[in-house]
Amino acid sequence: ELTWTENTGFASGNIIVSDANRARTDTTNTSFYYVDNFTPANYNYDVECTVRVVTLPTSNNTYLGVGGRAASTSASGGYIAWLVKTASSWQIQLALYGSSSLASVNITAPVAGTSYQLKLNMRDHILNCWWDGTKVISYNAGSGRITAVGNPTLYMDGVTSFVSNSTGFHIDDYTVTDAPTPTTTNVTVTNSELWYNGYDGTGTPQQSTFAAWKFTTAATL
């Protein structure tokens, strides 16, 4: 249901539909596309997909990722969570487009013929990467976080074995989900219900009726 446009900050990669109705690229160049028919409600949203491992790529520096908060005309805006084959290991990395990774973690090598879930979860300055249902990275971007809504994106690069329907990694079930709207509850109290460090004139200590309340919050600290 999503439609795509190539990011003009990169050169010439192509993402196409395979004969299995999945997405793959037909080039070894960088392929970077953004969703152009859906705008998230704000900069807190999730981007995820199913990664179908048809065969394992043989080349190092092979990347496949999903991202968000990206500028459609820039090679350096937004965050991306990607699966990458390095010289010594397989990793999930969180990165800024056009920059080095912000965080990385080694994972067990994917298995040919298997599907995995890759997800980027963005909540204010906290960025989470999930691989196959497990949160593997939680990164605090601090006050310098990107706060533009931007575009959800799909990224493939250095993918020398993606170029056919029977090799490499293919993408399925690409999904963008707005973050849930926080629930707000207003509580009205009177002065007599608040803590009072004294007596009522009869020797009885005064204590708030709310003294035993415990509050929890889902707010990001």
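Residues numbered from 1 in each chain as written. Predicted model: local features only at pLDDT ≥ 70, side-chain atom pairs only at ≥ 80, totals over all residues. Heavy atoms only, no water.

With that out of the way, let us pick up the overall build of the protein chain. Summing up its helical and strand segments, the protein chain has 0 helices and 14 strands in all. What you see in the protein chain, going N to C, is helices and strands ordered as β-β-β-β-β-β-β-β-β-β-β-β-β-β. The buried share of the protein chain, taken over its 221 residues, is 41%. Partitioning the contacts of the protein chain with sequence separation of at least 6, the portion at a separation of at least 24 is 65%. With an accessible surface of roughly 11600 Å², the protein chain has 49% of that area assigned to carbon and sulfur atoms. (Helix = DSSP H or I, 4+ residues; strand = E, 2+ residues; numbered from the N terminus. Buried < 20%, exposed > 50% of the residue type's maximum accessible area, 1.4 Å probe, protein only. Contact = heavy atoms within 4.5 Å. Areas by Shrake-Rupley, 256 points an atom, 1.4 Å probe, with all protein chains shown as cover.)

Bridging between strand β5 (residues 45-53) and strand β10 (residues 114-123) involves 8 bridges; their strand directions are antiparallel. In the strand pairing of β10, aspartate 46 is matched with asparagine 121. As paired elements, β10 and strand β11 (residues 126-131) share 6 bridges and run antiparallel to each other. Paired with arginine 123 across the bridge in β11 is isoleucine 126. In sequence, β10 turns back onto β11 through a hairpin of 2 residues, with aspartate 124 there showing a positive phi of about 55°. (Pairing = 2+ DSSP bridges.)

By the definition in use, this model includes 7 aromatic pairs. A ring pair is formed by phenylalanine 32 and tyrosine 97, whose centres lie 4.5 Å apart and whose planes are at 40°; its orientation type is tilted. Of this pair, phenylalanine 32 sits in strand β4 (residues 31-35) while tyrosine 97 sits in the loop between β8 (90-96) and β9 (101-107), and the two are 65 residues apart along the sequence. Given the relative accessible area of 1%, tyrosine 97 is considered buried. Of the aromatic side chains, those joined through ring pairs into one cluster are Phe32, Tyr63, Trp82, Tyr97 and Tyr155. (Phe/Tyr/Trp six-rings, centres within 6.5 Å; stacked < 30°, edge-to-face > 60°.)

Everything listed is a geometric property; what it means functionally is a separate question.
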